[in-house]
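# Examining the three-dimensional arrangement
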Amino acid sequence: MAQHISPYHAPDFYRDALAKGRHRDIVGGRWEETGKIQMQLLLDAGLQPQHRLLDIGAGALRLGCKAVPYLDPGHYWATDLSAALMRQGYKTELADPARLPADNLIEDGNFDFPGLPASITHALAFAVFTHLPINHLRRALTQIHLRFPMLEVLLFTVFLAPDAATALTPLRQPDGVVTHDTRAPYHMLAEDVVHLLRSTGFAGEAQPQRLPRGQVLFRASRAA
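Residues numbered from 1 in each chain as written. Predicted model: local features only at pLDDT ≥ 70, side-chain atom pairs only at ≥ 80, totals over all residues. Heavy atoms only, no water.

Time to look at the overall build of the protein. Within the protein, the regular secondary structure consists of seven helices and 10 strands. For the C-alpha atoms alone, the extent of the protein along its principal axes is close to 50 × 45 × 30 Å. A burial count over the protein gives 50% of its 224 residues as buried. Counted over contacts in the protein with a minimum sequence separation of 6, partners at least 24 positions apart contribute 68%. When the accessible area of the protein is evaluated, it comes to approximately 10,300 Å², of which 52% is carbon and sulfur surface. Here the protein holds 22 positive side-chain charges and 22 negative ones, and the gap between their average locations is 2 Å. (Helix = DSSP H or I, 4+ residues; strand = E, 2+ residues; numbered from the N terminus. Buried < 20%, exposed > 50% of the residue type's maximum accessible area, 1.4 Å probe, protein only. Contact = heavy atoms within 4.5 Å. Areas by Shrake-Rupley, 256 points an atom, 1.4 Å probe, with all protein chains shown as cover. Lys, Arg positive; Asp, Glu negative; His and termini not counted. Charge placed at Lys NZ, Arg CZ, Asp CG, Glu CD.)

This is the structure we're talking about:
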């Protein structure tokens, strides 16, 4: 059987899951708990209603159903590998869909961010790079820096390994998830992540708190 970058890239993954009504499950479960954590991270990073938020890897709008009511109408944008998954969240999870233009949901599997405004001020990629090789993080950071000159805060999560030797082997994270260097879920080295941030025009570092399943939060901003 062919090995895919991640389970999400397997043929018919989204079609089968949506047909079974599993739009909440396939984004990692813990729907309410994780959505609250995502929103609190943004509030702690200074998000205010007038800001413009980009939710990268938005899935079924687990964050969107909390951010859309908080932000000024139309100030939330979402990208994901699956437009169908976002549309399902739009139909079933938003209390007031009129606050979110459907055109703000953009299918994007390659971090090209097509059609997004340059006025984005805050961006979050939660449990996205945990399921992608590190070169995808490099591409995303490069594109974010190029596309969003008004960006104030970027938040993203990864799994970390403590050193290069340990990274060669499967690693059990604090919350029990086993991560790998060459297949999903992936782990990285903190120094590699910091190097990618600096080389793509950002300043940032890992934050002290551990998130669901042992993820590590990085907070970054455009370098002066």
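With that settled, the discussion passes to the environment of Leu155. As for its position among the elements, Leu155 is in strand S5 (residues 153–161). The sequence separation of Leu155 and Ile37 amounts to 118 residues, and the corresponding C-alpha distance is 12 Å. Here Leu155 is in contact with Leu41, Leu42, Ala45, Ala123, Leu124, Ala125, Leu217, Phe218 and Arg219, once residues within four sequence places are set aside.

Our next topic: helix H4 (residues 83–92). Those residues of H4 that fall on the buried side of the exposure criterion are Ala83, Leu85, Met86, Gly89 and Tyr90. Mapping the buried residues of H4 onto a view down its axis gives an arc of 165 degrees, with all of them on the same face. For H4, the N-terminal capping position is held by Ser82, with its side-chain oxygen 3.4 Å away from the main-chain nitrogen of Ala84. (Arc of directions from axis to C-beta. Polar contact = N/O pair within 3.5 Å; in protein donor to acceptor, adjacent residues only side chain to side chain.)

Once that is clear, we can look at the nonpolar core. Core analysis: the biggest nonpolar cluster contains 32 residues, and Leu54, Phe129, Leu154, Phe156 and Phe218 have the highest contact counts within it. Elements supplying a minimum of two residues to this core: strand S1 (53–56), strand S4 (122–125), helix H5 (134–147), S5, helix H7 (190–199) and strand S10 (216–222). Filtering out sequence-adjacent residues up to four positions away, Leu54 remains in contact with Trp77, Thr79, Phe113, Leu116, Ile120, His122, Ala123, Leu124 and Phe148. With 29 residues, the next largest nonpolar core counts Ala58, Leu61, Met86 and Leu155 among its residues. (Core = buried A, V, L, I, M, F, W, Y, C linked by side-chain atoms within 4.5 Å.)

What follows concerns the side chain of Gln143. With respect to the helices, strands and loops of the structure, Gln143 is situated in helix H5. Apart from residues no more than four positions distant in its own chain, Gln143 is found in contact with Phe111, Asp112 and Phe113.

Now for the environment of Ala123. Examined against the element boundaries, Ala123 turns out to sit in strand S4. Judged by its relative accessible area of 1%, Ala123 falls in the buried class. In contact with Ala123, other than residues within four places in its own chain, are Leu53, Leu54, Ile56, Leu151, Val153, Leu154 and Leu155.

Further remarks concern the packing of H5 against H7. Packing of H5 against H7 brings their axes to within 9 Å, and their N-to-C directions diverge by 25 degrees. Judged by the angle between their axes, H5 and H7 are roughly parallel. Viewed along their axes, H5 and H7 form a crossing whose handedness is right-handed. Residue-level contacts link Ile134, Leu137, Arg138 and Leu141 of H5 to Asp192, Val193, Leu196 and Leu197 of H7. (Axes fitted to C-alpha atoms, helices over the stretch in contact; angles between N-to-C directions. Parallel < 35°, antiparallel > 145°, perpendicular 65-115°, else oblique. Left-handed = near helix turned anticlockwise from the far one by under 90°.)

The next point concerns the pairing of S4. Side-chain direction in a regular strand flips from residue to residue, so the side chains alternate between the two faces of the sheet. Neither face of S4 is left uncovered, since the one carrying His122 and Leu124 and the one carrying Ala123 and Ala125 both have all their residues buried. In terms of strand pairing, S1 meets S4 through four bridges, oriented parallel. By the bridge assignment for S4, Asp55 is matched with Leu124. Pairing geometry for S4 and S5, over four bridges, is parallel. Note on S5: the bridge partner recorded for Ala125 is Phe156. (Pairing = 2+ DSSP bridges.)

Bear in mind that shape data such as this cannot, by itself, settle questions of function.
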